[in-house]
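One-letter residues, chain by chain:
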Amino acid sequence: MNHVHVNDTTLRDGEQAAGIVFSAIEKIAIACLMDAIGIPELEVGIPAMGGSEAEAITAIVQKGLKTALLGWNRAVRSDIEASIACGLRRVHISVPVSDIQIKAKFKGKTNLVWDRLRDSINFALDHDLFVSVGAEDASRADESFLVEVAQFAESLGASRFRFCDTVGILNPLTTAQKVGKLVKSIKMPIEMHTHNDFGLATANALAGLQAGAVSVNTTVNGLGERAGNAALEEMIMALKRLYQVDLGMETSRLRELSQLVVKASGIPLPPWKAIVGDNVFAHESGIHAHGVLQNPQTYEPFSPDEVGWKRRLVVGKHSGRHLLTNLLSQHGISLNHEESQVVLDSVRHLSVQMKRSLTVEELIDVVTNRSMSHGIV
Ligand SMILES: CC(=O)SCCNC(=O)CCNC(=O)[C@H](O)C(C)(C)COP(=O)(O)OP(=O)(O)OC[C@H]1O[C@@H](n2cnc3c(N)ncnc32)[C@H](O)[C@@H]1OP(=O)(O)O
Ligand SMILES: O=C(O)CCC(=O)C(=O)O
C-alpha cells in the first residue's frame, strides 16, 4: 500500500444516521474544514432529495473547494439530472447486487441491474461526468455476479467501483478474499465502503485496501446508517501509524473536525472513541500515570498533538502516589511519602463516594482543608 484515496461520506451516509440533520451552514462548514485538512474527495449528499439538500450541495459546489465533490445517485436518470443541476461534475451511481436487494428494489428482475446501469452510466458520460459505480450489498452478492456487474460498468466507461459491505457482515479475512478476487477481474480502481454493525468497519476497510482496493469511503466519528461507517480519523491515523501511509493531511485538525461534527449532529462521542475521544490521552491509573510521567510512549501510541488533542492526568480511584505528588507539585504543594499516602487514601474514599475522579481543585482541597487530617474524609 503506497497511497490511498479518501472519499469522505459524512455529508451523505453520515447524515443518513437516524435522527441527524445538518443545516446548510453546517454542511458547508464541515466541507470547508475537510478541504482545509486535505481530504481529496467528499460525497456531499443526494441531489435527488431536492429542496434544502440540493441547495446545500449547490452552495458547497459554489465554494470552489480544492477537494473533488461527488453526488450520490440511484441508477436513475432523473437522479443524475438532479446532480447536474447542483453543478456537480462527479456522480456516484448505485445498484443493488445481492439477491435480497434486487428482490426488494427491482422486484427480483436482474435485467434491471443491467438496464438501469447502462442507461444511467451512458447518460452521465454523455454529460461528461466522472462516474463511480456502487455495488450495494456486494458482500452478500454472488461473487461471479458481482464480477460481471463490475466488468459491465467498466466496459461502459465507469472510472471507479465501490465494494459495499452494506450490512457490515464481513470480517477482515473474508473482506480480503472477496476484494482480492474483484481486484483481479477489473482494471478500474476499487473503493471500500464498510459498515460497523459488528464493530469491524475500519478493520474491514483496511483489509480491503491491503487486498488491492485503492480508495476508501469514511465518515467523521464513524457516523452513518445504524452502527455507522469506517471512521475518517481512525482510517487516516491507522494508515499513517500502522501502515506507514502518510497522506499528508493536517491530522492536527482531526479533533477540531470531530467536535464540529459532534456539534452539528448533536451526537456526543463516547469518551473512549478512538483517536478523538475525550479519554484517549487521559491517564488515571497509578501504574499508567507513573509510566507516562517518565515517558508518554509507555501508554500512548502517538502524541496527542498529532491529532490536535491533549494529554490529561486525572486523579481518581485508581491513582497512585506518583501522579498525586506530580499534580500537587505543579501547584506548589510538596508532600512526603507518608502524607501522600494519606492524601491518596482520601482521594480513593472521595472518588468511591462520588463515583468519579476528582478535579485538581478538589484534590488541593483534600490537602488544604485539613478535614483529612481530622479523619473526617
Ligand atoms: C445503502 C444506502 O445507504 S443507499 C442510500 C440511502 N439513502 C436514502 O435513502 C436517503 C435519501 N433518499 C430519499 O430522499 C428518497 O428515498 C428518494 C428521494 C431517493 C426516493 O424517494 P421516493 O421516491 O419517495 O422512494 P422511496 O424512498 O420510498 O423508495 C425508493 C425507491 O428507489 C428505488 N431504488 C432504490 N435503490 C435504487 C437504485 N440503486 N437504483 C434505482 N432505483 C433504486 C426503489 O426500488 C424505490 O423505487 P419505487 O419508488 O419505484 O418503488
Ligand atoms: O454507494 C452505494 O452503492 C451504496 C453505499 C451504501 O451506503 C451502502 O451500501 O451501505
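- As named in an unreviewed UniProt entry, the protein chain is Homocitrate synthase, taken from Crocosphaera subtropica.
- One UniProt comment on the protein chain, placed under Catalytic activity (unreviewed entry), says "acetyl-CoA + 2-oxoglutarate + H2O = (2R)-homocitrate + CoA + H(+)".

## Focus on the site of ligand 1
- As a matter of local geometry, ligand 1 sits amid 15 residues, with Q16, M49, R74, S94 and K105 nearest to it.
- Taking R12, its side chain carries an N or O atom lying 3.1 Å from an oxygen atom of ligand 1.
- Listed by contribution, the elements that provide at least two residues to the shell around ligand 1 are β3 (68-74), β4 (90-96) and α5 (99-106).
- Ranked by residue count, the leading element in the shell around ligand 1 is β4, at three residues.
- Residues of the shell around ligand 1, tallied by class, amount to eight nonpolar, two polar and five charged.

## With respect to the side chain of E306
- Within the fold, E306 resides in the loop between α12 (286-294) and β10 (312-313).
- The residues touching E306, leaving out its near neighbours within four places in the chain, are M237, K240, R241, T251 and S252.

## A short note on the site of ligand 2
- Every residue near ligand 2 is listed here: R12, D13, W72, H92, S94, G134, E136, R162, C164, T166, H193 and H195.
- The side chain of D13 places a nitrogen or oxygen atom 3.0 Å from an oxygen atom of ligand 2.
- A distance of 2.7 Å separates an oxygen atom of ligand 2 from a polar side-chain atom of S94.
- Listed by contribution, the elements that provide at least two residues to the shell around ligand 2 are α1 (10-14), β4, β5 (130-136) and β6 (160-165).
- Residues that form the shell around ligand 2 fall into these classes: two nonpolar, six polar and four charged.

## Remarks on the sheet that holds strand β2 (residues 41-45)
- Taken in spatial order, the eight strands of this closed barrel run β1-β2-β3-β4-β5-β6-β7-β8, and their pairing is parallel. Each strand of the sheet is rotated relative to its neighbour by a mean of 25°, with strand direction disregarded.
- With four bridges joining them, β2 and β3 adopt parallel strand pairing. Residue pairing for β3: E43 is matched across the bridge by L70.
- Where helix α4 (residues 77-85) meets the sheet, it contacts β3 and β4, and its direction lies at approximately 155° from that of β3.
- The strands that helix α7 (residues 143-156) touches are β4, β5 and β6; relative to β6, the one it contacts most, it runs at about 155°.

The rules behind these values
Residues numbered from 1 in each chain as written. Chains lettered and ligands numbered in written order. Predicted model: local features only at pLDDT ≥ 70, side-chain atom pairs only at ≥ 80, totals over all residues. Heavy atoms only, no water. UniProt positions renumbered as here; feature names shortened; annotations may be inferred. Near = heavy atom within 4 Å. Polar contact = N/O pair within 3.5 Å; in protein donor to acceptor, adjacent residues only side chain to side chain. Helix = DSSP H or I, 4+ residues; strand = E, 2+ residues; numbered from the N terminus. Nonpolar A, V, L, I, M, F, W, Y, C, P; charged D, E, K, R; others polar. Contact = heavy atoms within 4.5 Å. Pairing = 2+ DSSP bridges. Axes fitted to C-alpha atoms, helices over the stretch in contact; angles between N-to-C directions.

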